[in-house]
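These are the residues of each chain, in order.
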Amino acid sequence: MVQMPTVTVDRAEMRDAFEFVSIGGSLGAEAYISRDTGKIYLRTIDGFMEEDEVSDDALETDRYIAVPQKTELDLGRRLVLRFADDELPGDLDTVEDLFRRKGAYAGFKRLLESRGALQRWYDYEERATEEALQTWCQNNGIQLVG
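Right, let's walk through the structure included here.

About the criteria used
Residues numbered from 1 in each chain as written. Predicted model: local features only at pLDDT ≥ 70, side-chain atom pairs only at ≥ 80, totals over all residues. Heavy atoms only, no water. Helix = DSSP H or I, 4+ residues; strand = E, 2+ residues; numbered from the N terminus. Buried < 20%, exposed > 50% of the residue type's maximum accessible area, 1.4 Å probe, protein only. Areas by Shrake-Rupley, 256 points an atom, 1.4 Å probe, with all protein chains shown as cover. Core = buried A, V, L, I, M, F, W, Y, C linked by side-chain atoms within 4.5 Å. Contact = heavy atoms within 4.5 Å. Axes fitted to C-alpha atoms, helices over the stretch in contact; angles between N-to-C directions. Parallel < 35°, antiparallel > 145°, perpendicular 65-115°, else oblique. Left-handed = near helix turned anticlockwise from the far one by under 90°. Phe/Tyr/Trp six-rings, centres within 6.5 Å; stacked < 30°, edge-to-face > 60°. Lys NZ or Arg CZ within 6 Å of the ring centre and 35° of its normal.

1. Digging into the overall build of the chain
Scanning the chain for helices and strands turns up 6 helices and 6 strands. Start at the N end of the chain and walk to the C end: the helices and strands fall as β-α-β-β-β-α-β-α-α-α-α-β. The buried share among the 146 residues of the chain stands at 42%. Carbon and sulfur atoms make up 47% of the accessible area of the chain, which totals about 8900 Å².

2. Things to note about the nonpolar core
The biggest cluster of nonpolar side chains holds 38 residues, and the ones touching the most others in it are Met14, Ile33, Phe108 and Ile142. Breaking this core down by element, the ones donating at least two residues are β1 (7–10), α1 (11–24), β2 (30–34), α3 (77–87), α4 (92–98), α5 (104–115), α6 (118–139) and β6 (142–145). Ranked by residues supplied to this core, first place goes to α6 with 8 residues. Beyond its immediate sequence surroundings of up to four residues, isoleucine 142 is in contact with Thr6, Val7, Val9, Ile33, Ile65, Trp136 and Cys137.

3. Points about the packing of α3 against α6
Orientation of α3 relative to α6, taken along the N-to-C sense of each, is 125°, at an axis distance of 11 Å. Relative to α6, the element α3 is oriented oblique. Pair α3 / α6 crosses with right-handed handedness. Here Leu79, Val80, Arg82, Phe83, Asp86 and Glu87 of α3 come into contact with α6, specifically with Arg120, Trp121, Tyr124, Glu125 and Ala128.

4. Brief notes about the packing of aromatic side chains
Under the criterion given, the structure shown has 8 aromatic pairs. When the ring of phenylalanine 99 is compared with that of phenylalanine 108, the centres are 5.9 Å apart and the planes differ by 70°; the resulting orientation is edge-to-face. Accessibility expressed as a relative area gives 13% for phenylalanine 99, which makes it buried. Relative accessible area serves as the criterion here: at 0%, phenylalanine 108 is assigned to the buried category. For the pair tryptophan 121 and tyrosine 124, a centre-to-centre distance of 6.4 Å together with 25° between the ring planes defines the contact as stacked. A residue pair is termed a helical-turn pair when its members lie 3 or 4 positions apart in one helix, as tryptophan 121 and tyrosine 124 do in helix α6 at 3 residues. Considered together, tryptophan 121 and tyrosine 124 belong to a single accessibility category, that of buried residues. Within the aromatic cluster, the residues linked to one another by ring pairs are Phe83, Phe99, Tyr105, Phe108, Trp121 and Tyr124. Between the NZ or CZ atom of lysine 39 and the centre of the ring of tyrosine 41, over which it lies, the distance is 5.2 Å.

Right, dumping it as structure tokens:
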């Protein structure tokens, strides 16, 4: 196995970039990490959000890596179903049914509120997100600091 060089990235900046692409991904939000410097570049459909832009050609090289969205790290529907199975097994069928329709997350959160489990969900999601991001970073030669 080829040893991938490691670049250092600030943990909070990585998390912000991850949230940026996860929330705005359907609107064309992207983030890229420079493998040389660890700098994160944010881009919307209108262009980069900082003055030092990166050319589209440069982004197609192996010197930049795209920050993944939640769905790419399996932090969407499957995570919800794992939570329901672990924490609310009596409601698993209800949660599965919710996620067959539009507005699933709103319905899921209403169910959690009625069961007094909303904070447990937020904590579960936070732990899973941190673990998934850490694993993704390790697999891509990125060391999180801070």
